[in-house]
Amino acid sequence: MKNKELKILLSAPRGFCAGVERAIEIVEKSIQKFGAPVYVRHEIVHNKHVVDDLKNKGAIFVEELEEIKDKSRPVIFSAHGVPKKIPEDAKNYKMTYVDATCPLVSKVHREAENLNKAGYHILLIGHKNHPEVIGTMGQLTEGSIDLIQSEEDAGNYLNNIDKKIAYITQTTLSVDDTKEIIKILKNKFPDIKEPMKEDICYATTNRQMAVKNIAKDCDMFFVIGSRNSSNSLRLVEVAKKSGCKNSQLIHSESSIPFEQIENCNTIGISSGASAPEILVENFINDLKNKFSISIDEVEIIKEDVVFKVPNKLN
């Protein structure tokens with residue numbers, strides 16, 4: 001029996017962004033320069049495949065500096081950014097550290113500091129307990145930043161502090177959801193100061209636009225990524241909202257829903273900014289074993305952003 005024909009619309013751009021590429025390169029170059037092991041505080045990027053690969057090369061992942069037994073070894077801070085206190089702790093321990101914070105996250109950190117110096121009280125639109133949010137809120141003293149997670153939070157927010165207010169955002173949010181939250185804040189606080197340039201990063205925006213572009217033509221949509229990856233989860237939501245109700249995340253423990261795919265003519269595939277392309281290739285190869293496949297890569301924009309690694313690693 002001939003295999004069922006299945007059309008794949010492959011979303012582009014997808015996968016690694018410049019901040020993730022840089023963070024991985026920082027870990028690899030640190031291992032070359034300092035030898036193994038090097039420590040990494042928090043998963044360098046939210047992807048099991050990447051983390052396991054770096055473990056094999058000599059990286060040891062910890063959540064806190066206290067866990068590092070041998071403080072003479074270097075430590076790397078993840079791409080999501082860290083509270084101010086962490087580099088200070090590393091200095092107190094006399095540890096060598098390399099900061100792999102994505103430059104676009106660092107931009108939000110500097111923005112927060114500048115607004116604070118200029119006398120603003122800051123609202124951060126983001127997800128509670130996400131490492132990027134913890135890092136951004138940790139740039140300033142407690143109480144300087146309030147977190148807004150939803151339209152409801154925005155609607156209920158009261159400015160009890162006699163200060164001008166400004167907002168900043170996490171870099172990996174859903175562009176459309178964030179627009180709605182901002183709209184509510186602006187209606188409520190007409191003088192609220194907004195970022196000079198949007199905080200949601202180019203890669204998040206481009207990947208969401210690419211998914212939006214093809215989701216309506218798909219019977220199912222798959223996003224390759226991790227369950228703790230904010231940008232991957234947002235891509236699933238975007239696909240659902242853009243017309244493909246049956247959209248799901250494929251993570252390291254997922255089994256492929258072949259029976260459901262059997263009923264599809266066209267499926268869409270994208271991947272989160274921390275998912276390596278090999279995972280997309282593996283997924284497509286698994287499909288090739290069951291179906292006869294045609295692939296149409298739909299690219300909406302070319303990305304040419306590159307972030308350099310710190311000089312001390314060159």
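Our structure is the block above this text.
The residue count restarts for each chain, going from 1 along the sequence in the order it is written. Residues qualify for local features only when their pLDDT is at least 70, as the model is predicted, and side-chain atom pairs are given and counted only at 80 or more; totals for whole chains, interfaces and linings, by contrast, use all residues. Computation of side-chain values covers all heavy atoms of the structure but excludes hydrogens and water.

> Run through the sheet that holds strand β4 (residues 75-77), naming residues and quoting values.
Paired through their backbone hydrogen bonds, the strands of a sheet run either parallel or antiparallel. Two strands form a pair only when DSSP identifies at least two bridges running between them. Helical segments are the DSSP runs of H or I of at least four residues, strand segments are the runs of E of at least two, and each set is numbered from the N terminus. Sheet architecture is open: four strands sit in the order β3-β2-β4-β5, paired in parallel fashion. At either margin of the open sheet sits one strand with a lone partner, and together these are β3 (59-62) and β5 (97-99). Across the sheet, the mean angle from the axis of one strand to that of its neighbour is 25°, orientation sign disregarded. When strand β2 (residues 38-41) meets β3, the two strands line up parallel, connected through four bridges. Paired with Arg41 across the bridge in β3 is Val62. Axis lines are fitted through C-alpha atoms, for helices just across the contact stretch, and the angle between N-to-C directions can take any value from 0 to 180 degrees.

> Run through empty space enclosed by the protein, naming residues and quoting values.
A cavity here means a set of points on a 1 Å grid, drawn over the protein atoms and nothing else, where a 1.4 Å probe fits but cannot get out; a pocket is an open set with protein on both sides within 12 Å along at least five of seven lines, and a residue lines either one if it has an atom within 4 Å of a point. Grid points are joined across faces, edges and corners, and a volume is the space filled by probe spheres set on the points. A full pass over the atoms with the stated rule returns one cavity of 30 Å³ or more. In this structure, the largest cavity spans a volume of roughly 280 Å³. If you go around the largest cavity, you meet 25 residues; those closest to its centre are Cys17, Val20, His80, Thr172 and Asn231. Mapped by element, the contributors of at least two residues to the lining of the largest cavity are α1 (18-34), α4 (103-117), α8 (202-215) and α9 (230-241). Under the scheme applied here, ten amino acids are nonpolar (Ala, Val, Leu, Ile, Met, Phe, Trp, Tyr, Cys and Pro), four are charged (Asp, Glu, Lys and Arg), and all others, including Gly, are polar. When its residues are assigned to classes, the lining of the largest cavity shows 13 nonpolar, eleven polar and one charged.

> So what about the pattern of salt bridges? Which residues, and what values?
The term salt bridge refers to a pairing of a side-chain nitrogen on Lys or Arg with a carboxyl oxygen on Asp or Glu at a separation within 4 Å. Throughout the structure, instances matching the rule amount to 19 salt bridges. For Glu64, the salt bridge goes to Arg41, with nearest N and O atoms at 3.3 Å. With Glu64 in the loop between β3 and β4 and Arg41 in strand β2, the pair connects residues that are 23 residues apart, well separated along the chain. A relative accessible area of 11% means that Arg41 is categorised as buried. A salt bridge links Asp199 to Lys107; the nearest nitrogen and oxygen atoms lie 3.1 Å apart. Pair noted here: Asp199 is in the loop between α7 (175-188) and α8 and Lys107 is in helix α4, with a separation of 92 residues, a long-range link. Partly exposed residues are those whose accessible area sits between 20% and 50% of the maximum for their type, while under 20% is buried and over 50% is exposed, using a 1.4 Å probe and protein chains only. Asp199 gets classed as buried once you look at its relative accessible area, which sits at 3%. By sharing partners, the salt bridges in this structure join Arg14, Glu277 and Glu297 into a single network.

> Requested: an account of the state of the cysteines, with residues and values cited.
Disulfide assignment relies on a single distance test, namely cysteine sulfur atoms paired within 2.5 Å. Scanning the entire structure with this criterion turns up zero disulfides. With no disulfide of its own, Cys102 lies 6.2 Å from the sulfur of Cys17, the closest cysteine sulfur. Free of any disulfide, Cys201 has its nearest neighbouring cysteine sulfur in Cys17, separated by 5.9 Å.

> Tell me about the nonpolar core, and please be specific about residues and values.
What is meant by a nonpolar core is a set of buried Ala, Val, Leu, Ile, Met, Phe, Trp, Tyr and Cys residues, joined one to another through side-chain atoms within 4.5 Å. Within the largest apolar cluster, 25 residues are counted, with the highest numbers of intra-cluster contacts made by Val27, Ile44, Leu54, Ala59 and Ile76. When residues of this core are traced back to their parent elements, those giving at least two are α1, β2, α2 (48-57) and β3. It is α1 that provides the largest number of residues to this core, a total of six residues. Contact between two residues is taken to exist if any of their heavy atoms lie within 4.5 Å; hydrogens are not considered. Every residue in contact with Leu54, bar those within four places of it in the chain, is listed here: Ile24, Val27, Glu28, Ile31, Ile44, Ala59 and Phe61. Formed by 17 residues, the second largest nonpolar core is a distinct cluster that contains Leu6, Leu10, Ile224 and Val280.

> Just give me the short version of the side chain of Thr136, but keep the residues and values in it.
Secondary-structure assignment places Thr136 in helix α5 (residues 131-137). Beyond its immediate chain neighbours, meaning those up to four positions away, Thr136 contacts Val108, His109, Leu124, Ile145 and Ile168.

> Can you explain the pairing of strand β10 (residues 247-250)? Please cite residues and give values.
The pairing of strand β9 (residues 220-224) with β10 spans four bridges and is classified as parallel. The residue of β10 that forms the bridge with Phe221 is Ser247. Regarding the hand of the β-α-β motif, the stretch spanning β9, α9 and β10 is right-handed. Place the viewer so that the strands point away; then a crossover is right-handed whenever the path from the first strand over the helix to the second strand goes clockwise.

> Could you give me a rundown of the packing of α1 against α2, with the residues and numbers involved?
Where α1 meets α2, the axes come as close as 10 Å, and the angle between the chain directions of the two elements is 10°. Here α1 is positioned roughly parallel relative to α2, judged by the angle of their axes. Touching Ile24, Val27, Glu28 and Ile31 of α1 are Val50, Asp53, Leu54 and Lys57, all from α2. When the residues that make up the contact of α1 with α2 are grouped by side-chain class, the tally is five nonpolar, no polar and three charged. Any angle between 65 and 115 degrees counts as roughly perpendicular, while under 35 counts as roughly parallel, over 145 as roughly antiparallel, and the rest as oblique.

Treat this as a map of the structure, not an account of what it does.
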